[in-house]
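Spelled out from the first residue to the last, the chains are:
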Amino acid sequence: MLEKQLTGHRVDRSICAWFWEQVISQGDSFKVQCEQHPSRCHSILCSMEDNRPEKHTNNEVYVDLVEEMDAIINSDGALVKCEIHGEVQVNSHLSGLPDLTLSFANPSILNDVRFHPCVRFRPWESHQILSFVPPDGQFKLMSYRVKKLKSTPIYVKPQVTSDSGICRISVMVGIRNDPGKTIDSITVQFQLPPCVLSADLTSNHGAVNILANKTCSWSIGRIPKDKAPSMSGTLTLETGLERLRVFPTFQVGFKVMGVALSGLQIDKLDLKNLPNRPYKGFRALTRAGEFDVRS
Amino acid sequence: MGLERHCWVQTESPLKYEKKCCPLSPDFGGDFIRPLLNSSSPFIRFTSSKPISSLFTGDRFLSASIEYNDGSSSSISPLSFSFAFSTLRSSVESNDGIWNSRSDPDFDNSHPKPNSTRKGEVSDLKMQLRQLAGSRAPGTDDSKRELFKKVISYMTIGIDVSSVFSEMVMCSATSDIVLKKMCYLYVGNHAKYNPDLALLTINFLQKDCKDEDPMIRGLALRSLCSLRVANLVEYLVGPLGLGLKDGNSYVRTVATVGVLKLYHISSATCVDADFPTMLKHLMLSDPDTQVVANCLSALQEIWSLEASKSEEASREKEALLSKPVVYYFLNRIKEFSEWAQCLVLELVAKYVPSDSNEIFDVMNLLEDRLQHANGAVVLATIKLFLQLTLSMTDVHQQVYERIKAPLLTLVSSGSPEQSYAVLSHLHLLVTRAPMLFSSDYKHFYCQYNEPFYVKKLKLEMLTALASESNTYEIVTELCEYAANVDIPIARESIRAVGKIALQQYDVNAIVDRLLQFLEMEKDYVTAETLVLVKDLLRKYPQWSHDCIAVVGNISSKNVQEPKAKAALIWMLGEYAQDMQDAPYVLESLIDNWEDEYSAEVRLHLLTAVMKCFLRRPPETQKALGDALAAGIADFHQDVHDRALFYYRLLQYNVSVAERVVNPPKQAVSVFADPQNSEIKDRIFDEFNSLSVVYQKPSYMFTDKEHRGPFVFSEELGNLSIGVESASNVVSTQMLEANDNDLLLSTSEKEESRGASSNGSAYNAPSTDGSSNQLLATHSPQPSMAIDDLLGLGLPVAPNPAPSPPPLKLNARAVLDPSTFQQKWRQLPISVSQEYSMNPQGVAALTTPQSLLQHMQGNYIQCIASGGQAPNFKFFFFAQKAEESSTFLVECVINSASCMAQLKIKADDQSTSQAFAALFQSALSTFGMT
C-alpha cells in the first residue's frame, strides 16, 4: 500500500532511498501508523463537537508572550544581526462561546505576523486588533517577527590568542542593557576545535564543564552584583601545531522572565459574551534562540 | 509592511496597476467572491492547529495522504514537501556523511527476524483466539483486546500472522469499537495477499457498513475499500453508493476516497456505477468541507486518468477549472482544512482568469492566506500570486515585495528541514529578481547551529544576491566562515567569495581578500583559493601581477588536492614569463611524475611545461624532454595521447606548436551558467513542489510511467522533449562545436577534455569560455519575453515582434502533452505550407533550444522537439488570448536547404491562416537581434 502511495506521489525510488530503507526496515509499523491516524483525528473531532459549549468551574484565560532572540555578534563586538521571533500563546478555560479582543500598545513594530485560524482578519487589517473566539486549552494565537533590533541585554566578550602550541581564551560576560528584570540561566557554550588536545578553563563564577563531544559549557546562572563573571584558561594544541587558525563561536543562552525584549506590549484584553468575569493572566518571557558570538 | 492590508486594485489609468494599502470594506472583492469569515463555526475551532514545526512531519504527511489522497495524487502537491524532508536526509547523508542514521538502535532492531520461537507463539495465539471466538462470557472482550493487540504488534514487527486470519474474522463479531478497529487493520493488511480468505470478511464488513454507529459504518467502508482484491469489487459498489448518500459526513468522507480506491482497482466498474457524477454532485453541494475536498482530489485524479480515454472526461476535467467551480471553492476556502486549502489553491493556480479585475479579486480574497500559520498554505498562496501576475509586470514586482516577509519568517521559524525547503524557493526567486532581496541579505547569514545543508544554501543565496551595494558586507561575512571550524563550510564560503568576484565588476577588495586566504596557511583554504585565483585570472588578466606575486610564494609541496595543484600548474605555465622560478618548480614536479596519481594534474603539467618551454626554452628544455618521455610512457590514455601529440607537433613545426599551445587569449567574459533559463522557467512553473528543492524540473526525477510528456515523445519516435535535451545535448553540442573550431582554442579544449575524462569538477570554465564566444558570434540569443514579463527591472525590450498581429496569443498557454496528442489526432490539417527561412535564422539554429526560446517569446510554446543538424522537428502550440482556442503546429526545419515545412491544426479553422502568418513572422525574426 505504501508503495502504491509512493508511486502515486511520483517520487523516484532512488531519490527517496532513505525513506525506502526506513520503510523496509520498519516493515509494517509504518502502515500501522498511517492506518490509525485518520480515525484518531476523527475521534478528536467528535470529542470537540461533544464538548462545546464548554463548562468550566474556574473561568480563566492566560496570555503569554514568548520571545526568542537570534543574534550574531562579530569578533569586534559589533552586532551583525539581531532579530526576535515571538509567539502569543493563549491558554483559555472559558465557558460558553467567549469573544475575545486583544490589542497591543505598539503593533507597528511587528514585521511579519501569522495567525491561528480562529483569528478574524479584518479587525487586524484595519486596527491591528486580534479578535477571536478561542479554542479550549493551550494554543498559539499568533507568531510574529521583529527585525533589526539595536541591542542585546547582555554582552559576551571573548578574547582568543594563540601562539607556541597553546591558545589562551578569556570570556567576559556582563549586562549591556538592563531589561529591568533579572536575566537568568545564562550559559556560554563553545565547541573546542578538533586540534585541541586538552583544555584548562576556570571561571570566577559558575561552573565550567567539558562535555564528551568536546563542547565546553559554562553555566553562569545570574550575574552577581559585585563582579563581572569571566572564564579564562588555556587550550593545548596538538603537537606540531604552532597556533590555532580557526576560532570557536560561542553560543549564549539566557532567559528573562517578565519582559518581551522586542518591546511588544499588550494593551488590553476584552472579553465579551461571558456569563461572569473571568480571571485574566499575562506573562512575558524572552530567551536566547540562536545567539552566536564569534571570536 | 506586514501589518498593512494589501489591497490589489487597478488604478484609473488602464495601463498601470498599483497596490494600495487601505482598510477593506467588508464587501470588497466583487460580487462573486464574498469572503466568508464565520469563526464561530465549530470547524474552525478544531483546526486549532499544531505548531508549525509539526506541520511538515512525516507522520502528518502520511495521514494526509491516506485520508485525502489515498492511492495516488495527480500532481506534485505541497504534500510532497514532507517527502523532501525525509529524502533530503539521504541526499545530504551521501554527500557529507553528516548523519549516520545507521547508529539509530531502532533501525537495527526493527528488521523482521525469522524466529522459530515466534512461530509457536503465533499458533498459541491462534488457539486462544479460537477458544474466545464463540464465547459470550463477561470479560471476553478484554481478553480479545489483549490478543488482538499481540497479533497487531507481531504484524507490526514483520512476523507473518496470516495464519490466524480465519480466527480473527471469527472474533470480529463484536460490538466493541476498539476490537473492530484492530480487526479492520489486520484484515486490510492481509486481504491483498490472501484473496480467498478475504472473501470471508466481506460478510461482516458489509454488515458493519449498515451499522447504526456512523463511526463503525465509516471504518467498515474504509476497510472494505482497502481490501484491494479485484474479484471482490462487485461487493463494493453497493456499500459505496450508500456511503456517498450517508447522513454522516465522516462516512461520506470515507466513501469519496473509497470511490478513488475502487477506481484504481477497477476503473470500469467505477465509471459504470456513475460514481464520478455522484462525486461531482457531492463536491458542489455537500455542507462538509472535508467531503468536498476529498471529492475534488478524487475527481481530479479520476478525470485526468480518464481524459485520455474519453472525450467527456476531458471535458469534465476542464470543467473543474471553470469559473463557477473555481469561485465556489474560493468562496469556501476558509472553511477548509489546511491541506484541503492547499488543494484548492493548486486548483486555482491552474485557472486562467479572464481579466485583471478577476485577478485582483482573487488576490484580495486570498491575501490573508499569506498570514496563515501553515507554511504549506502560505507557499501555495505565493505560487498562485506569482502565477496570476506573470503577465502584469508591475504587480508581479509588488507580489515579490509582499511575499518577502512571510517567506523570510518561514525560513527562520520551524525546523531546519522547513528552512531548507523555503530557502530553496527563495533561491529560485532571488535568481529571478536579485535586486529585490539585496537589502535583506542579513537574513541569510549562517547561524552556528544550523545544519550543513541549510548553511550551504544560504551561501548560495548570498552569492546570488550580491550586488554593488552589499558586496562588501557579504564578502566580509563570507570571510568569517572561511575561518570556520567546519571545513566543508569554509570551502563553500571561499567558493562563494570567488563566485561573487566573478560576477562583479569591481573586484579590488575581493582579490585582496582571496590573497589573504592564501596567507592563512590552511591547506584546504589554500587549495580552494588557488582554484578561484585561476578562474579570476582567466576573467581579469589585469590582476595577474598581484596574484602571481602571492601565488609564487606558495610551495607546490603544500598543495595536494588535484584541482588546486592543476590550478597552480596552469598558472605556472601561463605566467612562466613573470614567475622567476617557474621552470624549476615545474621541473621538480616532473621529477615526481611517478607519484602524481591524478591524470588531470599530469595533463596540466604537460601543457604547462610546453607553454613554459615556448617562452623560456633554454631553462625548460630538459624538463620538457623528461615530461614528454614520462607522458608517452604513461598508462593513462589521455596523458599518453597528449604527450605524443605535443611531441609530434614540436617535431613538425615549433611555430605551429606555439600557435596551438600558446595562442593569444581573450579574457573570459561570462562563465556559463550550468542551468539554462528554460529549465529555470520550468522549475518556476513547478513552484511549491520538489522540483524547486531538487533544482530540476519534475520530469528529471519522477518515475517514467508518471511522465506525461515522455510517453508522448516516445510515441513520436526519436523526438525528445525540448528541455531534456537542453541539459545534455547542449553541452555535448558545445563540445562538438568546439572540436570543429579547430586551432582557435586547442589548449583550452584539451584542458576541458582532460578534465571531463577525469570526471572532476574542473570542467565548466574552460569549455564555456570558448563556446560562449562561439555562440556569441553566431547567435545572439533573443531576449525572452517571459523574463521581461517578470519585471526584473530590466528595460522591457519588446521582442522584434511582428507588426501588430490581428491575432492575440495567450502568454501563458498551457496544454498537457496527452491533450496535444489527442487533438493532433482528431483535428484536420488546416494549413500546410513550405516556407524558406532567412539564413540568420538557420545559423542560429545550432540547437533546438534556441528556437524554442525565441518562439516562447512570441507566445508560441514548444511541446516536443528533436533532431540534429540539418534536420530538426518541432511541435508547437499556442492559444488565443481571450478564448481557449488552440493552435497546433508541426514544424520541420532543414537547416541545409533553409526550408521550413509547417503543418498547422486549429480548433478554430477560421483563424488558422492568421495564425500561420503570425507563426511565420515569428520564425522570420529568429536569429535577428
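Small disclaimer: the values here were computed from a predicted structure and weren't measured.

Procedures and definitions
Residues numbered from 1 in each chain as written. Chains lettered and ligands numbered in written order. Predicted model: local features only at pLDDT ≥ 70, side-chain atom pairs only at ≥ 80, totals over all residues. Heavy atoms only, no water. Axes fitted to C-alpha atoms, helices over the stretch in contact; angles between N-to-C directions. Helix = DSSP H or I, 4+ residues; strand = E, 2+ residues; numbered from the N terminus. Parallel < 35°, antiparallel > 145°, perpendicular 65-115°, else oblique. Contact = heavy atoms within 4.5 Å. Nonpolar A, V, L, I, M, F, W, Y, C, P; charged D, E, K, R; others polar. Buried < 20%, exposed > 50% of the residue type's maximum accessible area, 1.4 Å probe, protein only. Pairing = 2+ DSSP bridges. Phe/Tyr/Trp six-rings, centres within 6.5 Å; stacked < 30°, edge-to-face > 60°. Lys NZ or Arg CZ within 6 Å of the ring centre and 35° of its normal. Left-handed = near helix turned anticlockwise from the far one by under 90°.

Draft legend 1. Representation of the packing of helix 30 (residues 562-574) of chain B against helix 32 (residues 599-615) of chain B within the structure. Residues and elements named next belong to chain B. The interhelical angle for the contact between helix 30 and helix 32, taken along N-to-C directions, is 10°, at an axis separation of 8 Å. Comparing their axes, helix 32 and helix 30 come out roughly parallel. When helix 30 is examined against helix 32, the residues Pro562, Lys565, Ala566, Ile569, Trp570, Gly573 and Glu574 are found in contact with a partner set consisting of Glu600, Val601, His604, Leu605, Ala608, Lys611, Cys612 and Arg615. Residue classes in the contact of helix 30 with helix 32 are distributed as 8 nonpolar, 2 polar and 5 charged.

Draft legend 2. A look at the pairing of strand 1 (residues 60-73) of chain A. Residue and element names in this part refer to chain A. By the criterion of burial, strand 1 is predominantly enclosed, with 12 of the 14 residues buried. Note: strand 1 against strand 2 (residues 79-93), 14 bridges, orientation antiparallel. Bridge pairing in strand 2 places valine 63 opposite valine 90. Where strand 1 lies against strand 17 (residues 279-294), 13 bridges are found, and the strand directions are parallel.

Draft legend 3. Seen up close, the sheet that holds strand 9 (residues 166-175) of chain A. All names here are of chain A. Reading across the sheet, the 4 strands line up as 8-9-14-11 and stay open at both edges, with antiparallel pairing between neighbours. At either margin of the open sheet sits one strand with a lone partner, and together these are strand 8 (154-163) and strand 11 (196-203). Strand-to-strand twist across the sheet, computed as the mean angle between neighbouring axes with direction ignored, equals 15°. Direction of pairing for strand 9 relative to strand 14 (residues 230-237): antiparallel, over a ladder of 7 bridges. In the strand pairing of strand 14, arginine 168 is matched with threonine 234.

Draft legend 4. Spotlight on the packing of aromatic side chains. A complete count under the given rule lists 20 aromatic pairs over all chains for this structure. When the centroid spacing of 4.7 Å and the interplanar angle of 50° are considered together, the rings of Phe190(A) and Phe250(A) count as tilted. Within this pair, whereas Phe190(A) is found in strand 10 (residues 183-191), its partner Phe250(A) is found in strand 15 (residues 249-257), the two being separated by 60 residues in sequence. Each member of the pair, Phe190(A) together with Phe250(A), is buried. Ring centres 6.5 Å apart and planes at 75° place the aromatic pair Tyr327(B) and Tyr351(B) in the edge-to-face group. Taken together, the residues span a long stretch of sequence, with Tyr327(B) in helix 18 (residues 323-332) and Tyr351(B) in the loop between helix 19 (338-350) and helix 20 (356-366) at a distance of 24 residues. A relative accessible area of 5% means that Tyr327(B) is categorised as buried. Clustering of aromatic rings is evident, with ring pairs tying together Phe874(B), Phe876(B), Phe887(B), Phe915(B) and Phe919(B). If you follow Arg432(B) out to its NZ or CZ, it ends over the ring of Phe684(B), 3.7 Å from the centre.

Draft legend 5. Structural context of the environment of Leu201(A). All names here are of chain A. Inspection of the secondary structure assignment puts leucine 201 in strand 11. You can call leucine 201 buried: its relative accessible area is 12%. Between the C-alpha atoms of leucine 201 and leucine 235, which are 34 residues apart in sequence, the distance is 8.0 Å. When residues no more than four places from it in sequence are discounted, the contact partners of leucine 201 are Phe190, Val208, Ile210, Cys216, Met231, Ser232, Gly233, Thr234 and Leu235.

Draft legend 6. Seen up close, the packing of helix 15 (residues 275-285) of chain B against helix 16 (residues 289-306) of chain B. Residues and elements named next belong to chain B. At a minimum axis distance of 9 Å, the contact between helix 15 and helix 16 shows a crossing angle of 145°. Helix 15 and helix 16 meet at a crossing whose hand is left-handed. Taking contact as the criterion, the partners of Pro276, Leu279, Lys280, Leu282 and Met283 in helix 15 are, on helix 16, Val291, Val292, Cys295, Leu296, Ala298, Leu299, Ile302 and Trp303. Per-class residue counts for the contact of helix 15 with helix 16 are 12 nonpolar, no polar and 1 charged.

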